[in-house]
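Descriptive analysis of the structure
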Amino acid sequence: MSAVSPVSRTALVTGATSGIGWETARLLAGQGCTVIVHAPDVASGRDALDRLVAAGVDASRLCLAVADFSRLDEVRSMAARVADGHPALDILVNNAAVVAPERHTMTADGNELSLQVNFLAAYLLTHELSGPLTARPGSRVVNVSSAMHRTASISWNDPHRAKRYSRLAAYAQSQLALTVFSREKASWTSVSVHPGVCDTALLPLYAHEGDSAAQGAERVARLCDPATEVVPGGYYDRTALSPAAPVAMEDRTVRRLCKLAGRLVAKAA
């Protein structure tokens with residue numbers, strides 16, 4: 001009797017056209033995963049796929065998913081397409097992130113840009129994919145956060161920071177929200193990770209130099225591996241389990257944030 005071959009895992013990586021997202025897609029595909037590569041538009045997505053294949057990735061392991069995260073209707077549509085094409089999803093890497101302009105910028109959905117792209121889109125996508133994420137045991141959601149969440153506070157009465165805007169504060173708030181979101185009770189295992197200060201488009205926020213994007217991606221991919229034991233809701237600084245900011249550890253904050261996020265994404269429906 002022949003041995004049953006193991007089921008290939010399926011992963012979705014957001015913000016996978018460059019930097020840590022692209023390198024994470026490359027690593028996961030190299031481990032035998034089918035990787036859904038998220039891009040904000042078709043052109044950048046096809047370019048990312050071409051570069052992955054040129055880097056040695058088997059093209060049959062790659063799929064493209066397109067959505068502009070500054071439009072929540074596109075996030076919903078992408079989630080529906082992913083669920084239709086991939087009824088079981090083993091890994092979701094919420095990596096997509098932007099730094100908003102110096103000038104306060106709102107999306108068409110009525111949310112501050114970095115709050116929506118960096119957190120609300122991840123919140124919505126994760127919930128919209130709850131079916132595929134619960135189709136097989138052991139699924140994981142890895143939220144690529146930042147040590148900068150420690151400097152942040154959530155402006156509960158003005159989450160879009162219209163009254164007192166700073167692009168840095170808005171970015172840090174989005175990273176804190178993503179870290180807190182990792183502690184929401186769910187049927188899958190969620191963690192957040194600071195992959196290190198890496199040489200990506202976000203580097204100017206942190207320093208003049210950093211680790212390579214590939215090094216950051218190795219820390220993300222490690223948490224996707226079922227052989228790596230993780231603490232549900234845990235925050236990882238590179239490879240070490242670390243205490244998140246105290247506010248992120250409060251159950252009350254988790255409930256309050258998810259209530260706020262639910263209201264903001266419902267408003268855009």
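For the structure, check the block above.
This text gives an overview of the structure that appears in the document. Treat the numbers as computed from the prediction; the structure is a model and nothing was measured.

**Examining the environment of A152**
- Along the polypeptide, A152 turns up in the loop between β5 (140-144) and α6 (167-181).
- A relative accessible area of 18% means that A152 is categorised as buried.
- When the C-alpha atoms of A152 and L168 are compared, they prove to be 9.3 Å apart, with 16 residues separating the residues in sequence.

**Some remarks on the sheet that holds β5**
- Here eight strands make up an open sheet; going across it, the order is β3-β2-β1-β4-β5-β6-β7-β8 and the pairing mixed. This sheet does not close on itself; its edge strands, each paired only once, are β3 (62-66) and β8 (240-242). Neighbouring strand axes in the sheet, compared pairwise and without regard to direction, differ in orientation by 25° on average.
- Relative to β3, strand β2 (residues 34-39) is paired through five bridges, and the arrangement is parallel. Following the sheet pairing, V37 is matched in β3 by L64.
- Along the sheet face, helix α4 (residues 113-128) touches β1 (10-13), β4 (91-94) and β5 and points at about 170° away from the line of β4.
- In the packing of helix α7 (residues 213-224) onto the sheet, the strands contacted are β4, β5, β6 (189-194) and β7 (235-237), and the crossing angle to β5 comes to about 160°.

**Considering the environment of A244**
- Relative to the assigned elements, A244 resides in the loop between β8 and α8 (251-267).
- For the pair A244 and V180, spaced 64 residues apart in sequence, the C-alpha to C-alpha distance is 8.8 Å.
- Those residues within four positions of A244 in sequence are excluded, and the remaining contacts are H149, R150, T179, Y235 and M249.

**Considerations on the environment of A169**
- Along the chain, the position of A169 falls in helix α6.
- It is 6.6 Å that separates the C-alpha atoms of A169 and A152, two residues lying 17 residues apart in sequence.

**Some details on the packing of α6 against α8**
- At a closest axis distance of 9 Å, the pairing of α6 and α8 adopts a crossing angle of 110°. In terms of orientation, α6 lies roughly perpendicular with respect to α8. When the axes of α6 and α8 are compared, the crossing they make is left-handed. Of the residues in α8, those in contact with A177, V180 and F181 of α6 are T253, V254, L257 and C258.

**Brief notes about α4**
- In the structure, α4 departs most strongly from a straight axis at L120, where the bend amounts to approximately 35°.
- The element α4 is largely enclosed, with a buried count of 14 among its 16 residues.

Thresholds, definitions, all that
Residues numbered from 1 in each chain as written. Predicted model: local features only at pLDDT ≥ 70, side-chain atom pairs only at ≥ 80, totals over all residues. Heavy atoms only, no water. Helix = DSSP H or I, 4+ residues; strand = E, 2+ residues; numbered from the N terminus. Buried < 20%, exposed > 50% of the residue type's maximum accessible area, 1.4 Å probe, protein only. Pairing = 2+ DSSP bridges. Axes fitted to C-alpha atoms, helices over the stretch in contact; angles between N-to-C directions. Contact = heavy atoms within 4.5 Å. Parallel < 35°, antiparallel > 145°, perpendicular 65-115°, else oblique. Left-handed = near helix turned anticlockwise from the far one by under 90°. Bend = angle between axes of the 7 residues up to and from the residue.

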